[in-house]
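Here is how the chains run, residue by residue.
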Amino acid sequence: RFLGERGAVSITVSSMIFTFVLACLICFEVVFLKSVCSIKLGPWINIDTLTTGWGFLFDSLTALMLIVVTSVSCLVHLYSAEYMAGDPHKPRFMSYLSLFTFFMLILVTADNYLQMFIGWEGVGLA
């Protein structure tokens, strides 16, 4: 409500364009320079023999899927911004669309199966 329709659209579309540029940089770094990156953020679940951490893995498959997800999502954000012109619930729709993209990126960059499951269920939720 504070930003309004124009603010919500400009923030989501500019964030998606920035994310696509970052995905292109990641793809260049991982695919062409062959530097696989694994980022461990910390432990998540420690129960007896089950130890799961929260982290991200950037290999060649992840980098290419980041390009696909961010490019398609960027185009969907751009199309939706114009398609929903005049709709009073446009800011809410744009936030749900961004939430969907967030969970897709969690799904693509997941470091383990449990984190991938969180991304998968988040995509279904959004």
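Refer to the structure presented above.
Everything numeric in this text was worked out from a predicted model, so none of it was measured.

(A) Representation of the nonpolar core within the structure. The biggest cluster of nonpolar side chains holds 15 residues, and the ones touching the most others in it are Phe58, Leu66, Val69 and Met104. Looking at this core, the elements with two or more residues in it are helix 1 (4–32), strand 2 (50–58), helix 2 (60–83) and helix 3 (90–109). Ranked by residue count, the leading element in this core is helix 3, at six residues. Other than its neighbours up to four places away in sequence, valine 69 contacts Met104, Leu105 and Val108.

(B) The pattern of salt bridges, seen in detail. Per the counting criterion, the structure on display carries two salt bridges. Lysine 40 serves as the salt-bridge partner of aspartate 111, at 2.6 Å between the closest nitrogen and oxygen. Of this pair, aspartate 111 sits in the loop between helix 3 and helix 4 (113–125) while lysine 40 sits in strand 1 (residues 37–47), and the two are 71 residues apart along the sequence.

(C) Local environment of the pairing of strand 1. Across nine bridges, strand 1 lies against strand 2 in antiparallel orientation. Counted as the bridge partner of lysine 40 is glycine 55 from strand 2. Counting the residues in the hairpin turn of strand 1 and strand 2 gives two residues, including aspartate 48, whose phi is positive at 50°.

(D) Quick peek at the environment of lysine 90. Relative to the helices and strands, lysine 90 resides in helix 3. Given a relative accessible area of 5%, lysine 90 falls into the buried group. Lysine 90 sits 75 residues away from serine 15 along the chain, and the two C-alpha atoms are 17 Å apart. In contact with lysine 90, not counting residues within four places along its chain, are Glu5, Val9, Ser80, Ala81, Met84 and Ala85.

(E) The packing of aromatic side chains, seen in detail. A full pass over the atoms with the stated rule returns four aromatic pairs. For the ring pair phenylalanine 102 and phenylalanine 103, a centre distance of 5.3 Å and an interplane angle of 65° mean the geometry is edge-to-face. For phenylalanine 102, a relative accessible area of 46% translates into the label partly exposed. According to the relative accessible area criterion, phenylalanine 103 is buried, its value standing at 15%.

(F) The arrangement of a nonpolar patch on the surface in detail. Together, Ile17, Phe18, Val21, Leu22 and Leu25 give the surface a local cluster of nonpolar side chains, amounting to about 460 Å² of exposed area. Mapped onto the elements of the fold, phenylalanine 18 is located in helix 1.

Conventions adopted
- Residues numbered from 1 in each chain as written.
- Predicted model: local features only at pLDDT ≥ 70, side-chain atom pairs only at ≥ 80, totals over all residues.
- Heavy atoms only, no water.
- Core = buried A, V, L, I, M, F, W, Y, C linked by side-chain atoms within 4.5 Å.
- Buried < 20%, exposed > 50% of the residue type's maximum accessible area, 1.4 Å probe, protein only.
- Helix = DSSP H or I, 4+ residues; strand = E, 2+ residues; numbered from the N terminus.
- Contact = heavy atoms within 4.5 Å.
- Salt bridge = Lys/Arg side-chain N within 4 Å of Asp/Glu carboxyl O.
- Pairing = 2+ DSSP bridges.
- Phe/Tyr/Trp six-rings, centres within 6.5 Å; stacked < 30°, edge-to-face > 60°.
- Patch = residues over 30% accessible without salt bridge, like charges linked within 9 Å, V, L, I, M, F, W, Y side chains within 5 Å.
- Areas by Shrake-Rupley, 256 points an atom, 1.4 Å probe, with all protein chains shown as cover.

By themselves these figures say nothing about function.
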